[in-house]
Amino acid sequence: MTGSTSRPPRRRSALLRATTVVAAVVPLCTAGWLGWRALDDSGPAGATAAPPPGAVQSTTQAPATPEAPPAGGTPTGTPAATGTPSETPTGTPTAAPGGTADLAGRTIVLDPGHNPGNFAHPTEINRQVDIGNSRKECDTTGTETDSGYTEADYTLDVSRRARALLTARGAKVVLVQDGDRAWGPCIDERAKAGADAHADVAVSVHGDGGPASGSGFHVIMPAKVVAGKADNSAIVEPSHRLGLLLRQHFHDATGEPYADYIADEGLDTRSDLGGLNLSTVPKVFIECGNMRNSVDARRMTDPQWRQQAAQGIADALAAFLTTH
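Computed from a prediction, not measured in an experiment: that's the story for all the values here.

Asker: Would you explain unusual backbone geometry in this entry?
Answerer: Across the junction of Gly 184 and Pro 185, the peptide omega takes the value 10°, indicating a cis bond. Of note, Pro 185 is situated in the loop between strand E4 (172-175) and helix H5 (187-196). Phi at His 114 takes a positive value of approximately 70°, unusual for a residue other than glycine. Residue position: His 114 is located in the loop between strand E1 (107-112) and helix H3 (122-126). Backbone geometry places Ala 263, a non-glycine residue, at a positive phi of 70°.

As structure tokens, this is what we get:
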């Protein structure tokens, strides 16, 4: 979806607890392509048109020569064959360490990128909105795998799974959209959702649409933007801390390598994303993988891997809220 970048086992006091954790808890994470990417909220500033209904949109930058994955080999949870994607979170949410509700009193916003209905509403999503230092389309369609599994379906499923995990730890979790809207919302409304919910932190969940030869995930962090109605000065530093934690925990939970076609070691910093420019709470984007790459697509269409992705996101948010 966007384009920026491109993450610690726990110990209990008793052997029985350690065994239980190991068994039950996943550790706490060419021209055509460039044209599509320019339309995404994560694409470069200055995009002027969104794709027509049914068009697939990409959200990355120019491809580079793929690199070998980091030590660790093939990501855990990689399925032998692609099955039918499940849209309903599966499995029992992981309890907080020691069984405590360590996130009680905390509010988290999860922003599932795009919307499955955007394809049918080109007029609405093409409307320009102010993101402070430029104007961009209200929203975009997002990308999809070669088999037709859409980014919008992926992001909603992973966000719901992460919500279940975080709720089990005591947090109040607000989804910017929960499959309950015909299209959108616009990127400025998504940015405002954190303030509206009086949230402590927010994460926007995406899948990238990069070159088929590229794979891996990356995290997009906000650059300082003080322009027009945007002033994210107060959130830049904490958002960067969140970005580092998300990179660590997502990688730990999924085994997904850092993107080899974009960003730097899984991290990118950008000033052209309305969701970051206009946010008043710490916020980052995560591109969980490249849906145009066959290996990443096989992972992202597997419900077990999506549960691991959700675990990585939840672990990172918990770490952000419980450590300094």
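Asker: I keep staring at the side chain of Glu 151 and nothing clicks. Help me out?
Answerer: Relative to the elements of secondary structure, Glu 151 occurs in helix H4 (residues 151-168). Notably, Glu 151 is buried but unbridged: the nearest opposite-charge side chain belongs to Arg 190, and the N-O separation is 9.2 Å. Of note is the side chain of Glu 151, whose polar atom sits 3.0 Å from the side chain of His 206.

Asker: Hey, could you run me through the packing of H4 against helix H9 (residues 303-322) in this one?
Answerer: Each packed pair of helices is defined by two parameters, the angle between the axes and the distance between the axes. Contact pair H4 / H9: the axes reach a minimum separation of 8 Å and the direction vectors enclose 55°. Relative to H9, H4 is oriented oblique. H4 and H9 meet at a crossing whose hand is right-handed. Taking contact as the criterion, the partners of Tyr 154, Asp 157, Val 158, Arg 161, Ala 162, Leu 165 and Leu 166 in H4 are, on H9, Pro 303, Trp 305, Arg 306, Gln 307, Ala 309, Ala 310, Gln 311, Ile 313, Ala 314 and Leu 317. Its residues placed into classes, the contact of H4 with H9 shows 12 nonpolar, 2 polar and 3 charged.

Asker: Would you mind showing me how to read the sheet that holds strand E6 (residues 218-222) here?
Answerer: Adjacent strands of a sheet pair through backbone hydrogen bonds, lying either parallel or antiparallel. What the 6 strands build is an open sheet, ordered E4-E1-E5-E10-E6-E9; its pairing is mixed. Of all strands in the sheet, those with a lone pairing partner are E4 and strand E9 (267-270), marking the two edges. Strand after strand, the sheet turns through a mean of 25° between neighbouring axes, direction not considered. Bridge count for E6 against E9 is 4 bridges, and the pairing is parallel. Pairing of Val 219 across the sheet is with Leu 267, part of E9.

Asker: I keep staring at the state of the cysteines and nothing clicks. Help me out?
Answerer: Working definition of a disulfide: a covalent bond connecting the sulfur atoms of two cysteines. The full count for this structure, using the stated rule, is 1 disulfide. Covalently, Cys 138 is tied to Cys 186 through a disulfide, its sulfur atoms 2.0 Å apart. Where Cys 138 bonds to Cys 186 through sulfur, the torsion about that S-S bond is close to -95°, and the disulfide is left-handed. Pair noted here: Cys 138 is in the loop between strand E3 (135-137) and H4 and Cys 186 is in the loop between E4 and H5, with a separation of 48 residues, a long-range link. Each member of the pair, Cys 138 together with Cys 186, is buried.

Asker: Sorry if this is basic, but what is going on with the confidence of the model for the protein here?
Answerer: Low-confidence regions, as indicated by low pLDDT, have predicted coordinates that should not be scrutinised in detail. Taken residue by residue, the protein gives an average pLDDT of 79. The fraction at 70 or more is 69%. Predicted confidence is poor over residues 3-39, with pLDDT under 50, and the contacts of this stretch with residues over four places away or in other chains come to 131 contacts. Here residues 42-99 is modelled with pLDDT under 50, and outside its nearest four sequence neighbours on either side it reaches 162 contacts, counting other chains as well.

Asker: Would you take a moment to explain H9 for this structure?
Answerer: With 20 residues, H9 extends 28 Å from end C-alpha to end C-alpha; this agrees with the ideal 28 Å at 1.5 Å per step. Most of H9 sits out of view: 17 of its 20 residues are buried.

Asker: Even after reading the chapter, I still don't get helix H6 (residues 236-254), so can you show me in this structure?
Answerer: An α-helical turn contains 3.6 residues, so any two residues separated by three or four positions project in the same direction. For H6, which comprises 19 residues, the first-to-last C-alpha distance of 26 Å matches the rise-based estimate of 27 Å (1.5 Å per residue) to within 8%. One or two residues past the end of H6 sits Gly 255, with phi positive at roughly 75°.

Asker: Just to check I follow, could you spell out the packing of aromatic side chains for this structure?
Answerer: For any two aromatic rings, the description comes down to two numbers: the centre-to-centre distance and the angle of the planes. With the rule as written, the count across this model stands at 3 aromatic pairs. Plain terms: the ring middles of Phe 217 and Phe 250 are 4.8 Å apart, the flat faces sit at 50° to each other, and that makes the pair tilted. You can see Phe 217 sitting in the loop between strand E5 (201-208) and E6 and its partner Phe 250 sitting in helix H6, a full 33 residues away along the chain. Like Phe 250, Phe 217 is buried. A centroid spacing of 5.8 Å and a plane angle of 70° characterise the contact between Phe 217 and Tyr 258, whose relative ring orientation is edge-to-face. Of this pair, Phe 217 sits in the loop between E5 and E6 while Tyr 258 sits in the loop between H6 and E9, and the two are 41 residues apart along the sequence. Residue classification places Phe 217 among the buried residues on the basis of a relative accessible area of 0%. Take Tyr 258: its relative accessible area is 22%, and that puts it in the partly exposed class. By the ring-pair criterion, three or more aromatic residues cluster together here, those being Phe 217, Phe 250, Tyr 258 and Trp 305.

What counts as what
Residues numbered from 1 in each chain as written. Predicted model: local features only at pLDDT ≥ 70, side-chain atom pairs only at ≥ 80, totals over all residues. Heavy atoms only, no water. Helix = DSSP H or I, 4+ residues; strand = E, 2+ residues; numbered from the N terminus. Buried < 20%, exposed > 50% of the residue type's maximum accessible area, 1.4 Å probe, protein only. Lys, Arg positive; Asp, Glu negative; His and termini not counted. Salt bridge = Lys/Arg side-chain N within 4 Å of Asp/Glu carboxyl O. Polar contact = N/O pair within 3.5 Å; in protein donor to acceptor, adjacent residues only side chain to side chain. Axes fitted to C-alpha atoms, helices over the stretch in contact; angles between N-to-C directions. Parallel < 35°, antiparallel > 145°, perpendicular 65-115°, else oblique. Left-handed = near helix turned anticlockwise from the far one by under 90°. Contact = heavy atoms within 4.5 Å. Nonpolar A, V, L, I, M, F, W, Y, C, P; charged D, E, K, R; others polar. Pairing = 2+ DSSP bridges. Disulfide = S-S within 2.5 Å. pLDDT = per-residue confidence, 0-100. Expected span 1.5 Å × (residues − 1). Phe/Tyr/Trp six-rings, centres within 6.5 Å; stacked < 30°, edge-to-face > 60°.

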